[in-house]
Amino acid sequence: MRIVFVAAMAIIACAASPLAMAEETKTVVPAEAISEATSVCQDCHGPQGNSVSATFPRLNGQQADYLALQLKNFRDQKRSDPHARAYMWGMAAQLDDVTIGGLANYYADQKPTQPQTGGALAAEGKNIFMDGVDAQNIPACQACHGDHGEGNGVIPRIAGQHATYLKSQLEAFRSTLRESDVMHANTKDMTDSQIEALVSYLAND
Amino acid sequence: MPDRRIQIRSSLVLTIGLLLLTAIAVPQQALAVPSYARQTGLACEACHTVFPQLTPFGRVFKASGYTLFNTRKVQDIDQQKHSTLSLSDLPPISAMVMASTSISARANDSTSSKTSTDFPQQLSLFYAGHISDNVGAFIQITYDDQSGSIGIDNTDIRFADIAVVDGHDVIYGVSLNNNPTVQDLWNSTPAWGQPFISSPAMQGPAGGPQIEGAMAQNVAGLSAYALIDESVYAEVGVYRSALQGASVANNGGANNQIISGVAPYWRVAYEKDWGKNSWEFGALGLYAALQNPTTPAGAAINGSLQNAPTDRFLDTGLDTQYQYIDDANQITVTSSWVHEDQTLNASYGAGFASTNSDSFDTFSLNGSWFWHREVGGSLGFTSVSSSNDPIYFGTPQGSSNSSWGTAEVDYLPWLNVKLGLQYTAFFKFNGAASNYDGAGRKASDNNMLYAYVWFAY
């Protein structure tokens, strides 16, 4: 049953032990409370974070630290791309750090979606992902995102994500619509066809 | 949003608003949005391309029973920790205003004016949002300047939940509503189809299929539905007469268009989303046997509601909707076709029809494009054709055959304020392009220029 989002947050907050609160992204909270909280998230991100709509990123298997950082950025209105404003500023407005930790751990623990890759375009994308493009100062994605695009800490999992979402984020980094100095530097010289190739290698749609 | 854009918008709003209706106080800042946005914390664009057209997420929000919630609540639980109360600390109330002015090509008759100003054309209050954890509502109460009264308008109260079945997301629920298709998720069906607003002075062809608004607000429908993987939709339900301002149980013989028993309704649809695109195909239908029917010509039977003959209507429709949505462009194309078989045992028996078997077909094709949800417009074409029955339809030409096109330009200074200029051109009206009334009136005499302001907050 869908329960009050705010109430769920409060339950999670109350359920968290002092020890767990000290290490917020490792907070252990009752499964029941998580279920109540994620019943709100799943309206867009799907059960277990495996969203149906490509408008909303898959969260299943995403890095907990990345999820926690983004949720805090949404809550504190530090991430201001249009979709962040339209959707997540409101949804994250009442989250506290303990709740964010519980949600981040929940989605990180879900089985990730694997990439569905193949074909010449994906092969070109794999080359960019593994080796980068020196002539355009595009570094190898795997250097930060991992050999299999699984991410690491605050570096997100990108493998198995929706193609449309990945593409829109790369374009947003390139145009600075989504602000990140590192990712803007990595994508500013990327062509549309290179983005298509990279997405073809990484995504599952 | 750059300040300059806001300044430009403000000045344009002031100018156009004054031209439209000087009495309207146009908001200078988008400080308030309707109750769904307040309830969820989501901006309008999450659910709408441009209101009232829904995005794929808007369809999910509606199917989920309008219950997505993200603000403080008053709540209670029982000993088993089940929720027994879940109230918003602020009621989900919204208001909507439509005001307009219309100019027709030629006055409707020798005593009427070519122009009409409507302020308000419509003023609505909504309870729109969460009732409990799994129940939500869209309830509209409207003052309409044509009737000069306040009454119930479109209403859809839902129970909904979500389950994972064999790996598939299934949103399922029940809708209690008062207008067939008001509960539908797409803008290609009658209740939420184009045109979303039109002149109250506009002439319309004689009659129309039951499913296209003939029952609106005078029925109660209960339907069960499921949306699987945000793609496959199925719904079945029944409608009963629930008259406003009258009771079938008392003085029933004085009432008209009463559904005998229940009127079954069904709907199936499939939506494919890819990238920024979505495409829906669907079919729908309604069967109604009406006691004490009223014909399009206006002839009414006022007899017994017990064992009396009925006029029976079987509506079958197909619809499709394509959408492309990105941050800059919002494109929606809809089309629908509805066929109605009419078995007019009651009207024919009373001498109000020249046969007991008539039919009706409607077709519409509409497209809208908006840029940054700020400026845009739409083009539409509608065709109506009926069998030939001068007694039943009450037209000199014998049919309702009509066709018209609509062009509209819109400006939205904010997402909850729309200014529109619409032109409707009739190519054929009630059976003819010229002299359709036998007195020399042309279909194009009904052409209408219509300017409006429409906002919700």
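Residues numbered from 1 in each chain as written. Chains lettered and ligands numbered in written order. Predicted model: local features only at pLDDT ≥ 70, side-chain atom pairs only at ≥ 80, totals over all residues.

Structural notes on the overall build of chain A
- Within chain A, the secondary structure is distributed over eleven helices and zero strands.
- Moving toward the C terminus, one meets the helices and strands of chain A in the order α-α-α-α-α-α-α-α-α-α-α.
- By the burial criterion, 51% of the 205 residues in chain A qualify as buried.
- Here the contacts in chain A between residues at least 6 apart in sequence split such that 69% fall between residues at least 24 apart. (Helix = DSSP H or I, 4+ residues; strand = E, 2+ residues; numbered from the N terminus. Buried ≥ 20, exposed ≤ 12 C-beta atoms within 10 Å, placed from the backbone. Contact = placed C-beta atoms within 7 Å.)

Considering the overall build of chain B
- Summing up its helical and strand segments, chain B has seven helices and 19 strands in all.
- Radius of gyration (C-alpha) of chain B: 23 Å, near the 23 Å computed for a compact globule of 457 residues.
- Over its C-alpha atoms, taken along the principal directions, chain B stretches across nearly 60 × 55 × 40 Å.
- The long-range share in chain B, meaning contacts at least 24 apart out of those at least 6 apart in sequence, stands at 61%. (Rg over C-alpha atoms; globule rule 2.2 N^0.38 Å.)

Looking at the domain arrangement of chain A
Residue and element names in this part refer to chain A.
- By domain assignment, chain A separates into domain 1 (5-108) and domain 2 (120-202).
- Opposite the ten residues of domain 1 that make contact, domain 2 presents 16 residues.
- Its residues assigned to classes, the side of domain 1 that touches domain 2 shows four nonpolar, three polar and three charged. (Domains from an automatic or database assignment. Nonpolar A, V, L, I, M, F, W, Y, C, P; charged D, E, K, R; others polar.)

As for the interface of chain B and chain A
- Tallying the contact residues gives 30 residues for chain B and 26 residues for chain A.
- Of all the secondary-structure elements, those providing two or more residues to the side of chain B that touches chain A are helix H3 (44-47), helix H4 (56-63), strand E1 (73-77), strand E2 (83-88) and strand E6 (149-165) of chain B.
- Top contributing element to the side of chain B that touches chain A by residue count: H4 of chain B, with three residues.
- Residues that form the side of chain B that touches chain A fall into these classes: ten nonpolar, ten polar and ten charged.

With respect to the environment of Pro200 of chain B
Residues and elements named next belong to chain B.
- Mapping Pro200 onto the fold places it in the loop between strand E7 (168-177) and helix H5 (210-214).
- Note on Pro200: 16 C-beta atoms within 10 Å, which makes it partly exposed.
- Each C-alpha atom of the pair Pro200 and Trp369 lies 25 Å from the other, and the pair is 169 residues apart in sequence.
- If near-sequence neighbours (up to four positions away) are discounted, Pro200 is found in contact with Ser116, Asp118, Gln121 and Gln146.

With respect to unusual backbone geometry
- Between Phe119 of chain B and Pro120 of chain B the backbone carries a cis peptide bond, its omega angle lying at -10°.
- Note that Pro120 of chain B resides in strand E4 (residues 115-132).
- For the bond running from Gln194 of chain B to Pro195 of chain B, omega is -10°, close enough to zero to count as cis.
- Along the chain, Pro195 of chain B turns up in the loop between E7 and H5.
- Positioned with a positive phi, Gln77 of chain A is a non-glycine residue whose angle comes to about 55°.
- With respect to the element layout, Gln77 of chain A can be found in the loop between helix H4 (64-75) and helix H5 (82-91).
- One non-glycine residue, Asp166 of chain B, adopts positive backbone phi at about 55°.
- With respect to the element layout, Asp166 of chain B can be found in the loop between E6 and E7.

Considering H4 of chain B
All names here are of chain B.
- For H4, the tally of buried residues reaches eight of eight residues, placing the bulk of the element in the interior.
- Three or more residues of H4 are buried, namely Pro56, Phe57, Gly58, Arg59, Val60, Phe61, Lys62 and Ala63.
- Immediately downstream of H4, the backbone of Gly65 shows phi near 85°, a positive value.

Details of the pairing of strand E16 (residues 375-386) of chain B
Residue and element names in this part refer to chain B.
- Burial along E16 is one-sided: Gly376, Ser378, Gly380, Thr382, Val384 and Ser386 are buried, and none of Val375, Gly377, Leu379, Phe381, Ser383 and Ser385, which face the opposite way, are.
- One ladder, built from twelve bridges, connects strand E15 (residues 357-371) with E16; its direction is antiparallel. Residue pairing for E16: Ser368 is matched across the bridge by Ser378.
- Where E15 hands over to E16, the hairpin turn is made up of three residues, of which His372 adopts a positive phi near 55°.
- Bridge count between E16 and strand E17 (residues 402-414): ten bridges; the pairing is antiparallel. Within E17, the position partnered with Val375 by the bridge is Tyr411. (Pairing = 2+ DSSP bridges.)

Some words on the confidence of the model for chain A
- Summary statistics for chain A give a mean pLDDT of 84 and a share of 83% for residues scoring 70 or more.
- Within the model, the stretch residues 1-25 of chain A combines pLDDT values under 50 with 65 contacts to residues more than four positions away or in other chains. (pLDDT = per-residue confidence, 0-100.)

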